[in-house]
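Now for the letters of each chain:
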Amino acid sequence: MNSIIVDFLEKALVSDYVSSVLVPSGGPDNTFPWTLISDVSALAMAEPVPPVMYVQGAKALASFTQSMTEGKLLAVMRPCEARAAVELSKLEQIDLDNIILLTMDCPGAVPLKEYRRDAGIQPDISIPETIRPLCRQCTEFTSAGDLCLAMHGGLREVLPLTPAGQELLDSLGMKAEPDTSAWIEWASSLKAEREAVSTENRKSLKKAYSGLEGLVEVFSGCISCRSCRTVCPICYCRLCFIDMKDRRCPASAHLENSRSSGAARVMSGTLLFHIGRMAHMSLSCVSCGMCEDACPSDIPVGRLVSMVSAGTTAVFNYSAGSDPEDPLPLNTFRLEELHEYED
Amino acid sequence: MNTKTSVLVSESSIGDTLRDLLGKLLENGEIDSVFALRETRQKGRYCYSLITDPTLIREALPFHPVMPVQGARALSEMTITEPFGRPVAALLRPCEIRAFVENVKQSQGSLENIFIISCTCPGVIPASKLLGEDREDVLANHGGNIRNACRTCTGFIPGPQADMTVLLASDEPHDGTVIYLNTDRAVEIAGKLDSLSRETGKPAAELTSGISEAREKSLKDLMRDIPAPADGLQSLVSLFAACIGCRGCREACPLCSCVLCDYETARTLHSPELVRSEAKRKGSVRVPAGTLQFQLGRLMHISPSCTACGQCSDVCPVDIPVSDIFIRAANLVQESLDYAPGRDTDDTPPMATYLEKELLDITD
Ligand code: SF4
Ligand code: SF4
Ligand code: SF4
Ligand code: SF4
Ligand code: SF4
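Everything numeric here is computed off the predicted structure, so don't read it as measured data.

What follows deals with the site of ligand 3. The full set of residues close to ligand 3 is Cys222, Ile223, Ser224, Cys225, Arg226, Ser227, Cys228, His274, Cys295, Pro296 and Ser297 of chain A. Grouping the constituent residues of the shell around ligand 3 by class yields six nonpolar, four polar and one charged.

Here it is in C-alpha cells:
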C-alpha cells in the first residue's frame, strides 16, 4: 500500500499539478512525523500509512493551511483524519480550496502506548486486537476526501471521489475505470460488521457508566492533564472554556463541597471539563481515537465522546466530515440568525 | 530550643497513626480540613481530596506512593484567589512543598493556614504502573518501581516549611511511627495529642545518610548520561522524536502556571507562510513545527525553579524522559544562579531579582 501511494505522490509532484505533498515519513525511534514535501527526493522517506497515529493528520494540516493561495497541496491521510480536515475547514481552520485529500482503505492503527512498547506490532484489519478500540468499531474506514486508494475486492487503484479528485487523475493521465463491485461489497460487509460492533460497544459503555454517577466514576482517574483536548484535531479553541478565570474554584468553594459530602476531590472541574468538551465535540468528533491514545490514565475518553456524538449527530441528521458542502448545524443557525436581524 | 529532634512516637503503623492524629485534630477543631490522597471509585486511581468529616479520615491514604496530580498544583488552584480561612492539614511530599513555595513566591497561591505534614520521601511509583491488574505486586516492590526522578532526588527531606516530618524512608527499617516536630506550631499541636509519646530522636538526616548517598550517585549518573541543549540539538531531536505535542508535561508541571504559554502565542507560532516557504526552500519540513522550540522554551522558563518532582515524565504518554532532561538542566542552572527552589519563602526568584534591579535602574 505504501509503495503505491508513494508512486502516486511522485507522479503528482513531478507533474507540477500539485506543488507540495503532506505525508508521514519515517523518523528516528520508530516515529512517523508529518512532512510537508516539495522536493521529490524527500519522498524516499515517506511512510503514507504508518502503523500508529502520533499526531492527527488534520492537526498537522491545520498548522499551515489557514489560507492557501499559492499552488495545490496533496495530503495523504487516514479517512478519520480527512474527515477531521473537512470539519476544520467548516470551522475555518483549514482552507481546503487548494488541498486534495487522498485516503485509503484504512487498516486501522495500533494503540500508541502498545506500539511504543513493541514497535513490531502491525495493524491488521482482520485481527481486531491489533488495532485501537475506536478503529475496531470504525464504520468510515474508507472513501473519505477527494481520492481513495482501494486495496480490497481485487483492486489496487486510486479512485476519484470528487471532481477535484477526478481532475487530478485526469491531469496525470490515469484513466482506468475498474470494476468496483467486489470492493463495494467488501466495504459494505465490513461496515455492517463494524456497525454491529459499535452499537454493542456503545451500549455496554452506556450501561457501565450511565448517568452523572457513571461519568463521575469513569473520569475519577482523570489527572487533568488536558492531553485529550490538546491532541484532538477538533478542539482548536485558543482558550478553553474550562480555563476561564471564573471557573477557578477557591478554597472556600472546595470546603463547601467537602462539607456537603464529608470529602471532596481536589482539582475541580474534571467533570465540567469533560461534559463541556463532549458537548463541544459532539457534532464534529470524527471518532479518530487520538484523545484516547494520548490519555496517560487509560480513560476511554474517545469512545465516550464518540458515543455522545453518535446521539447528537443523529438528532441533527449530521455526519462529521463526510460532506464539505453539508453545513455545520451551528453555522446554519448563525447564518439564519444574521438574516433574522436583517429582516 | 532545639525542636528538630523532638519526636512523637507510636507503635502503630504510619497510616493508622496519621489517620488517628488527623481525625483527632479535626474533632477537636484544631484543624478544619485535611488535604490528602484517597483512592477513587476505580481501583488503582487516586486523587487529592479535601476531607472535613472526621469519620471519612479512614479513607485518607497518607503518603500512598503515587502522585496523580502534583500537590502544589492542587493547592495553588485552591489558594490562588484566596487563602484558607481556617487551618488545613496538608500531607505533602518534599517536592510538592518546594513547588508550592515557588507558587507562593510567584503569587500563585498562599501558605496561610496550611499546616504541612511531610515525610522523608522514599519516592513514588509512576501512576501508569498502577493501572494494571498487577498493581499489588508493583506496590509490594516499591523500591524497584519508583520514578526516575525519585531515584535521583537528593531533596527527599522536607524543608523548613514542613511543620511535621514523618520518618518514612530511612536506612534501617523501623517499626511503628516516628514524627519530627519541626515548628512551634507542631509542638503546640503535639501537646494536645496525649495518645502519642514525646521523645528525643536522632535527626532525620542521620538516619537517612545511606539513602542520600545512593541518590547522590544516581544523580551524578544522570548528569553524565542525559544530554543537555549544550550537547547539540541532534541528541534532543531524537529524545523528543516521539513527542505527540500533547503538552501534558506542561499541564502537569506545578511551575508551568502561565495562563497562555509563551509557546502558543503569535510570537512563537510559526506562520503558515513561513512553514510553506521553508518546505519549498529545504525540500521538506516536519509539521506541526515547534516541537523542540516548545521543549527548549519550557526548559528555559522552568529550569531555575524546577523542583525535580518528575510529574512531567509521569504523564508523558510516550514515555519520553522529560524530567531527566529538566532535572539535569535545572541542576546546572540553579547552581550557577545559586538558587534553590523551595528553600526559603523569602528567597527572591531569579527573574524577580532582575525585575527589581531593572526598576532601580530606571528610577536612578
Ligand atoms: S478510526 Fe481507525 S480505522 Fe477508522 S479511519 Fe481512523 S484509523 Fe482508520
Ligand atoms: S474527541 Fe477524540 S475521537 Fe473525537 S475527534 Fe477529538 S480526538 Fe478524535
Ligand atoms: S487525557 Fe485523560 S487524564 Fe488527561 S485530561 Fe484527558 S481524560 Fe483526563
Ligand atoms: S519540569 Fe517536571 S520535574 Fe520539574 S517541576 Fe515541572 S513537572 Fe516537576
Ligand atoms: S507529555 Fe510527552 S508527548 Fe506530551 S508534549 Fe510532553 S514530551 Fe511531548
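Accessible area lost upon the coming together of the parts serves often as the stated size of an interface. Each side of the interface is counted separately: chain A has 65 residues, and chain B has 55 residues. Carbon and sulfur atoms make up 59% of the surface buried where chain A meets chain B, a total of about 5000 Å² over both sides. Of all residues in chain A, Leu36, Val266 and Met267 of chain A give up the largest surface area on contact with chain B, accounting jointly for 12% of the area buried on that side. The tally of links from chain A across to chain B stands at two salt bridges. Across the pair Glu213 of chain A and Arg41 of chain B runs a salt bridge whose closest N-O atoms are separated by 2.9 Å. Our count for the contact surface shared by chain A and chain B stands at 20 residue pairs in polar contact (both at pLDDT 80 or more). For the side of chain A that touches chain B, the secondary structure elements donating two or more residues are β2 (34–37), α2 (57–62), α4 (112–117), α8 (211–218), α9 (227–231), α10 (251–261), β7 (263–265) and α12 (290–294) of chain A. Sorting elements by how many residues they give to the side of chain A that touches chain B places α10 of chain A first, with seven residues. Looking at the side of chain A that touches chain B residue by residue, the classes come out as 31 nonpolar, 19 polar and 15 charged. As defined by bridge partners, β7 of chain A adjoins strand β3 (residues 46–51) of chain B across three bridges and the pair is classed as antiparallel. Bridge pairing in β3 of chain B links Ala263 of chain A to Ile51 of chain B.

Quick look at the state of the cysteines now. Here the structure, examined in full by the defined rule, presents zero disulfides over all chains. No disulfide involves Cys47 of chain B; its sulfur sits 11 Å from the nearest other cysteine sulfur, which is in Cys222 of chain A. On the basis of relative accessibility, which here comes to 7%, the residue Cys47 of chain B falls in the buried class.

Our next topic: the side chain of Thr79 of chain B. Residue and element names in this part refer to chain B. Here Thr79 shows up in helix α2 (residues 71–79). The class of Thr79 is buried, set by a relative accessible area of 2%. Separated by 3.1 Å, the side chain of Thr79 and the backbone nitrogen of Ser110 make a polar contact. Setting aside anything within four residues of it in sequence, one finds Thr79 in contact with Phe84, Phe100, Gly109 and Ser110.

So, about the site of ligand 5. Around ligand 5 sit Cys243, Ile244, Gly245, Cys246, Arg247, Gly248, Cys249, Gln295, Cys316, Val318, Ile320 and Val322 of chain B, and that is every residue in its neighbourhood. Considering only residue class, the shell around ligand 5 consists of eight nonpolar, three polar and one charged.

Residue and element names in this part refer to chain B. Its domain assignment divides chain B into domain 1 (5–216) and domain 2 (226–363). Computed from C-alpha coordinates alone, the two centres of domain 1 and domain 2 are separated by 29 Å. Every contact between the two is made by 24 residues of domain 1 and, on the other side, 26 residues of domain 2. For the domain 1 face of the interface with domain 2, the top three residues by lost area are Arg73, Glu102 and Lys105, together amounting to 30%. Counting across the domain 1 and domain 2 interface gives one salt bridge. Here domain 1 and domain 2 share 19 residue pairs in polar contact (both at pLDDT 80 or more) between them. With seven residues, the top contributor of residues to the side of domain 1 that touches domain 2 is helix α3 (residues 94–105). Of the residues in the side of domain 1 that touches domain 2, the class split is twelve nonpolar, seven polar and five charged.

Residue and element names in this part refer to chain A. The geometry of helix α11 (residues 270–281) relative to helix α13 (residues 301–316) is characterised by a closest axis approach of 9 Å and an angle of 50° between their N-to-C directions. In terms of axis orientation, α11 runs oblique to α13. α13 is crossed by α11, and the crossing has right-handed handedness. Contacts between α11 and α13 pair His274, Arg277, Met278 and Met281 from the former with Val301, Leu304, Val305 and Val308 from the latter.

Counting 99 residues, the largest nonpolar core has Leu22, Tyr54, Leu61, Met77 and Leu101 of chain A together with Ile244 of chain B as its most contacted members. Every residue in contact with Leu22 of chain A, bar those within four places of it in the chain, is listed here: Trp34, Thr35, Leu36, Leu61, Phe64, Leu73, Leu74, Ala75, Val76 and Met77 of chain A together with Val287 of chain B. Formed by 36 residues, the second largest nonpolar core is a distinct cluster that contains Ile57, Leu91, Phe156 and Leu193 of chain B.

All names here are of chain B. Helix length check: helix α15 (residues 322–337), at 16 residues, gives a terminal C-alpha distance of 22 Å against a target of 22 Å (1.5 Å per residue), a fit within 8%. Residues Val322, Ser323, Asp324, Ile325, Phe326, Ile327, Arg328, Ala329, Ala330 and Gln334 constitute the buried set of α15. Against the buried residues of α15 lie α6 (148–151), α9 (209–225), α10 (233–239), α11 (248–252), α13 (291–302) and α14 (311–315). Asp338 occupies a position one or two residues after α15 and carries a positive phi of about 50°.

Time to look at a nonpolar patch on the surface. Where nonpolar side chains cluster on the molecular surface, the patch consists of Leu239 and Met244 of chain A together with Val259 of chain B and spans about 290 Å² of accessible area. Among the secondary structure elements, Met244 of chain A is positioned in the loop between α9 and α10. Here Met244 of chain A falls in the partly exposed class, since its relative accessible area comes to 36%.

On to the domain arrangement of chain A. Residues and elements named next belong to chain A. Here chain A is partitioned into domain 1 (2–197) and domain 2 (212–247 + 265–333). Between domain 1 and domain 2, the C-alpha centre-to-centre distance is 24 Å. Across the boundary between the two partners, domain 1 contributes 24 residues, which contact 32 residues of domain 2. Together, Glu87, Lys90 and Leu134 form the three largest contributors to the area buried by domain 1 at its contact with domain 2, with a combined 29%. The interface formed by domain 1 and domain 2 includes two salt bridges. A salt bridge links Lys113 to Asp298; the nearest nitrogen and oxygen atoms lie 2.8 Å apart. On inspection of domain 1 and its partner domain 2, the count reaches eight residue pairs in polar contact (both at pLDDT 80 or more). For the side of domain 1 that touches domain 2, the leading source of residues is helix α3 (residues 79–90), giving seven residues. Looking at the side of domain 1 that touches domain 2 residue by residue, the classes come out as 14 nonpolar, three polar and seven charged.

Thresholds applied
Residues numbered from 1 in each chain as written. Chains lettered and ligands numbered in written order. Predicted model: local features only at pLDDT ≥ 70, side-chain atom pairs only at ≥ 80, totals over all residues. Heavy atoms only, no water. Near = heavy atom within 4 Å. Nonpolar A, V, L, I, M, F, W, Y, C, P; charged D, E, K, R; others polar. Contact = heavy atoms within 4.5 Å. Buried area = accessible area lost by both parts, 1.4 Å probe. Salt bridge = Lys/Arg side-chain N within 4 Å of Asp/Glu carboxyl O. Polar contact = N/O pair within 3.5 Å; in protein donor to acceptor, adjacent residues only side chain to side chain. Helix = DSSP H or I, 4+ residues; strand = E, 2+ residues; numbered from the N terminus. Pairing = 2+ DSSP bridges. Disulfide = S-S within 2.5 Å. Buried < 20%, exposed > 50% of the residue type's maximum accessible area, 1.4 Å probe, protein only. Domains from an automatic or database assignment. Axes fitted to C-alpha atoms, helices over the stretch in contact; angles between N-to-C directions. Parallel < 35°, antiparallel > 145°, perpendicular 65-115°, else oblique. Left-handed = near helix turned anticlockwise from the far one by under 90°. Core = buried A, V, L, I, M, F, W, Y, C linked by side-chain atoms within 4.5 Å. Expected span 1.5 Å × (residues − 1). Patch = residues over 30% accessible without salt bridge, like charges linked within 9 Å, V, L, I, M, F, W, Y side chains within 5 Å. Areas by Shrake-Rupley, 256 points an atom, 1.4 Å probe, with all protein chains shown as cover.

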